[in-house]
Amino acid sequence: MAKGKPAAAAAGGKAKKIFSRKEGGVYDVNVEELMHPGGRQALLNGYCVGRLEGHEEEPSAGVAELVDERAPLLPQVVKLAPEAYLEWVAAPSTGHPVMFANPVVERLTCTQWYVVPLLWLPVAAAFMWRGVATGGLSLGLLPASFVAGVLIWQLMEYSIHRFLFHFDPKTPRGIEWHFMLHGHHHKYPMDFDRLVFPPGIAALVIAVFYVLLHQLLPVSWACSLLGGGVAGYVLYDTTHWALHSGRADWLVGHVLKSSHMDHHYVDETVGYGISSTLYDHVFSTMGRHLLKKAA
């Protein structure tokens, strides 16, 4: 067999691997990623570990060759020109590479999905309880304030995704922030360890909204709305994990999954909602074929 470029590490080494031959290539395929929505080409490109004699290909000098996926990515991508970076990050890969050179920072950016509900649902319940305990909110109004908090979060989720995560980087620092915030996820949408926010980042966002709401509203309403918002965040992160992992399609539904896959693999200017498509409908950012299907 001809010597080939090593493939990226599989998902934690947990899944069984299948070795197959296709058109002269040898592929190390992770069973968990056979459902990769990027299609056949993404799988073939991402898992080719070598070529059979007589089927060798000429080395490519394309954008993909500018980044060594076996080494930490962040120090490399900041050296790319903005146009080259955007071209590279827009081509989905099935790898699970190292993002940071510092192993401690690298570990802190990886979070299992179940950490989110275990950590934040009790916090949401505590905020809701405080909204009633302060005496400013009746039990009858609690469900309404909870739903309002969830809807406010979904608007923030949509806005952050659309206007912050998808900004156009022009400088090395801009590329650095773009890649850390969202670029890595678009390049490696099947990196299961980075489908939810690390607790530290989530705590910072929640703290900002805690201060803001307490400046604008009475304590009872601020706490109850924040409780609904935190529950909305839990729904957002767990839904995002379900959309990419394929392990809870019964929970997310066909329309939501199709919308998010459109965002990743068809057109990144549609499908900004993660936990629902409500604000995609409101702001006309649903994918065209989904709108036609609904009509």
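Note that the coordinates shown come from a computational prediction; the quantities given were computed from them, not determined experimentally. (Residues numbered from 1 in each chain as written. Predicted model: local features only at pLDDT ≥ 70, side-chain atom pairs only at ≥ 80, totals over all residues. Heavy atoms only, no water.)

Asks: Explain the overall build of the chain residue by residue, including any values.
Replies: Summing up its helical and strand segments, the chain has 13 helices and four strands in all. Per-residue burial for the chain yields a buried fraction of 46% across its 295 residues. The contacts of the chain with a sequence gap of at least 6 include a subset with a gap of at least 24, amounting to 68%. With an accessible surface of roughly 15400 Å², the chain has 65% of that area assigned to carbon and sulfur atoms. (Helix = DSSP H or I, 4+ residues; strand = E, 2+ residues; numbered from the N terminus. Buried < 20%, exposed > 50% of the residue type's maximum accessible area, 1.4 Å probe, protein only. Contact = heavy atoms within 4.5 Å. Areas by Shrake-Rupley, 256 points an atom, 1.4 Å probe, with all protein chains shown as cover.)

Asks: Explain the nonpolar core residue by residue, including any values.
Replies: Where a protein is soluble and globular, its nonpolar side chains tend to be buried together. In this structure, V116, W120, V230, Y233, Y236 and W241 are the most contacted members of the largest nonpolar core, which totals 28 residues. Residue assignment for this core shows that the elements contributing at least two residues are α5 (115-133), α8 (199-216) and α9 (219-245). Sorting elements by how many residues they give to this core places α9 first, with 11 residues. Setting aside residues no more than four positions away along its own chain, W120 makes contact with P199, A202, A203, I206, V230, Y233 and V234. Counting 14 residues, the second-largest nonpolar core is a separate cluster that includes L74, L80, V89 and M99. (Core = buried A, V, L, I, M, F, W, Y, C linked by side-chain atoms within 4.5 Å.)

Asks: I'd like to hear about α8, residue by residue, with values.
Replies: For α8, with 18 residues, the first-to-last C-alpha span of 26 Å sits near the 26 Å given by 1.5 Å per residue. By the burial criterion, the buried members of α8 are A202, I206 and L213. Take α8 and look down its axis: the buried residues cluster within an arc of 30°, on one side only. Exposed residues on α8 whose side chains face more than 90 degrees from its buried face are G200, L204 and Q215. On its buried side, α8 packs onto α5 and α9. (Expected span 1.5 Å × (residues − 1). Arc of directions from axis to C-beta.)

Asks: Residue-level account of the packing of helix α7 (residues 172-187) against helix α11 (residues 254-265), with values.
Replies: With their axes 10 Å apart at the nearest point, α7 and α11 run at an angle of 95° to one another. Comparing the axis directions of α7 and α11 gives the class roughly perpendicular. Taking contact as the criterion, the partners of H182, H185 and H186 in α7 are, on α11, H260, H263 and H264. Residue composition of the contact of α7 with α11, by class: no nonpolar, six polar and no charged. (Axes fitted to C-alpha atoms, helices over the stretch in contact; angles between N-to-C directions. Parallel < 35°, antiparallel > 145°, perpendicular 65-115°, else oblique. Nonpolar A, V, L, I, M, F, W, Y, C, P; charged D, E, K, R; others polar.)

Asks: Outline the packing of aromatic side chains, listing residues and values.
Replies: Following the criterion strictly, the structure yields 14 aromatic pairs and no others. Geometrically, the ring pair formed by Y85 and F179 is edge-to-face, given 6.3 Å between the ring centres and 80° between the ring planes. Placement of the pair is Y85 in helix α3 (residues 82-89) and F179 in helix α7, with a sequence separation of 94 residues. Looking at Y85, the relative accessible area reads 0%, which means it is buried. By relative accessible area, which is 0% here, F179 ends up buried. (Phe/Tyr/Trp six-rings, centres within 6.5 Å; stacked < 30°, edge-to-face > 60°.)

Asks: How would you sum up the UniProt feature "transmembrane region" (unreviewed entry) in the chain? Please name residues and give values.
Replies: Per the UniProt entry, the sites bearing "transmembrane region" (unreviewed entry) are residues 137-156, 195-213 and 219-236 in this numbering. What you have in residues 195-213 is 79% helix and 0% strand, and the ends, taken at the C-alpha atoms, are 28 Å apart. Summarising residues 219-236: 100% helix, 0% strand, and an end-to-end C-alpha distance of 25 Å. (UniProt positions renumbered as here; feature names shortened; annotations may be inferred.)

Asks: Describe the pattern of salt bridges, naming the residues involved and giving the relevant values.
Replies: Summed over all chains, the structure comprises five salt bridges. A salt bridge links D168 to K170; its shortest N-O distance comes to 3.2 Å. Each of E106, D191 and R194 takes part in one network of salt bridges that share partners. (Salt bridge = Lys/Arg side-chain N within 4 Å of Asp/Glu carboxyl O.)

Asks: Go over the side chain of H260, please, and point to the residues and values.
Replies: Within the element layout of this structure, H260 appears in helix α11. A polar contact of 3.0 Å, which involves the side chain of H260, links it to the side chain of H244. (Polar contact = N/O pair within 3.5 Å; in protein donor to acceptor, adjacent residues only side chain to side chain.)

Asks: Tell me about the environment of G200, and name the residues and values.
Replies: Inspection of the secondary structure puts G200 in helix α8. On the basis of relative accessibility, which here comes to 55%, the residue G200 falls in the exposed class.

Asks: Go over the environment of D237, please, and point to the residues and values.
Replies: Along the chain, D237 falls in helix α9. Sequence spacing of D237 and Y114 is 123 residues, and the spatial spacing of their C-alpha atoms is 9.7 Å. Contacts of D237, omitting those with residues within four sequence positions, involve V116, L195, V196 and F197.

Asks: Please give an account of the environment of S145 that cites residues and values.
Replies: Counting through the fold element by element, S145 comes out in helix α6 (residues 142-164). A sequence separation of 80 residues divides S145 from L225, and the C-alpha atoms of the two residues are 5.6 Å apart. Excluding anything up to four places from it in sequence, S145 contacts M128, L137, W221, S224 and L225.

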